[in-house]
Amino acid sequence: MSKFQIFTPGEINSMRKAGKILRDCLLHTAKYVKPGITTLELDAIAEEFIRLHEGATPAFKGYRNYPFTLCTSVNDQCVHGLPSKRALKDGDIVALDCGVMVDRLYTDACISVGVGKVAPATETFLRESKAALDHAVAIIKPGVRIGDISSIIQTYVEGKGYSCMQALTGHGLGYSLHQFPDIPNLGKAGTGPVLPVNTVIAVEPITSMGEGAIRDEGDGWTISTKDGSLSAHYEHTVLVTEGGHEILA
Ligand code: MF3
Ligand code: CO
């Protein structure tokens, strides 16, 4: 589909319900992030949390045969890091990327978390990457162009001396996890499709402390920074409303 999907009040309620479970799941799972825990253990915690909620399922599991509830991207991994027996170490950073489905509708969100005590420069990098997402989401309302969102993310991230990963974008979502439009993390204000009311988009700056080029790790999923620099990922599922927007997850 190459146009925005517009959702009914009933569909919006389903996504709101899924999104609330997803937010709570990320906060719950993040509490367990500490040195020694494996990313597979975090995956089990997230899955158990979601399944406690009647009608909610882990949305990534089974998507293109993806076998897990979470993507856990550690350090220089940007996205789609596979949960494994890798134990997190003091000073690592890990992105917890998750989806929840209710009534066949997807929601998608991610937070990046420091493990134990991280370097001050790393902490600043995480904080500023999250701020880039918050600044971009803040402008969302009907009539805003996708390029307006991209431009805010790029300008903010580059202004702090970091990079956006050029090849990795946000997206529309609904009955598909990824649908029209792509939402690049680099771009020009005043360009691109115009947001209508009652559509839903996932905005997700994926940043690095170094360059914006990626490397495919060759396991079919994991994408890392080419230069080995640390990468962060924050993502919200956002509903466009009459008056502006509502963060669903
Ligand atoms: N948030 C990820 C994205 O938008 C979702 C990955 S789903 C998976 O690409 F199944 F690929 F893990
Ligand atoms: Co996404």
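Scroll up for the structure.
Okay, so let's go over this structure. (Residues numbered from 1 in each chain as written. Chains lettered and ligands numbered in written order. Predicted model: local features only at pLDDT ≥ 70, side-chain atom pairs only at ≥ 80, totals over all residues. Heavy atoms only, no water.)

Put simply, the ideal angle at a metal is 109.5 degrees for four donors in tetrahedral geometry and 90 or 180 degrees for six donors in octahedral geometry. Here the cobalt ion (ligand 2) is held by D108 (OD), H171 (NE2), E204 (OE) and E235 (OE), and the distances to it run 2.1 to 2.2 Å. Counting residues between consecutive donors of the cobalt ion (ligand 2) along the chain gives the motif D-x62-H-x32-E-x30-E. Of this pair, E204 sits in the loop between β9 (200-203) and β10 (206-208) while E235 sits in the loop between β13 (231-233) and β14 (236-241), and the two are 31 residues apart along the sequence. Like E235, E204 is buried. (Donors = N, O, S within 2.8 Å, 3.2 Å for Na, K, Ca; no water. Helix = DSSP H or I, 4+ residues; strand = E, 2+ residues; numbered from the N terminus. Buried < 20%, exposed > 50% of the residue type's maximum accessible area, 1.4 Å probe, protein only.)

It is worth spelling out the sheet that holds strand β8 (residues 179-183) at this point. Pairing in this open sheet of five strands is antiparallel, and the strands run β8-β7-β9-β14-β15 from one edge to the other. Looking at strand neighbours, the two that pair on one side only are β8 and β15 (244-247), the edges of this open sheet. Each neighbouring strand pair of the sheet contributes to a mean axis angle of 25°, computed without reference to strand direction. Here four bridges tie β9 to β14, and the two strands are oriented antiparallel to one another. Each residue of the ladder has a partner; that of A202, found in β14, is T237. Here helix α3 (residues 120-138) sits on the sheet and contacts β9, β14 and β15; the angle it forms with β14, its principal contact strand, is near 15°. (Pairing = 2+ DSSP bridges. Axes fitted to C-alpha atoms, helices over the stretch in contact; angles between N-to-C directions. Contact = heavy atoms within 4.5 Å.)

Another aspect to go through is the environment of T107. If you trace the backbone, T107 turns up in strand β5 (residues 105-114). With a relative accessible area of 0%, T107 lands in the buried category. Other than its neighbours up to four places away in sequence, T107 contacts M15, A18, G19, L22, C98, G99, V100, L173, T237 and A249. Polar contacts involving the side chain of T107 include one to the main-chain carbonyl oxygen of V100, which spans 2.8 Å. (Polar contact = N/O pair within 3.5 Å; in protein donor to acceptor, adjacent residues only side chain to side chain.)

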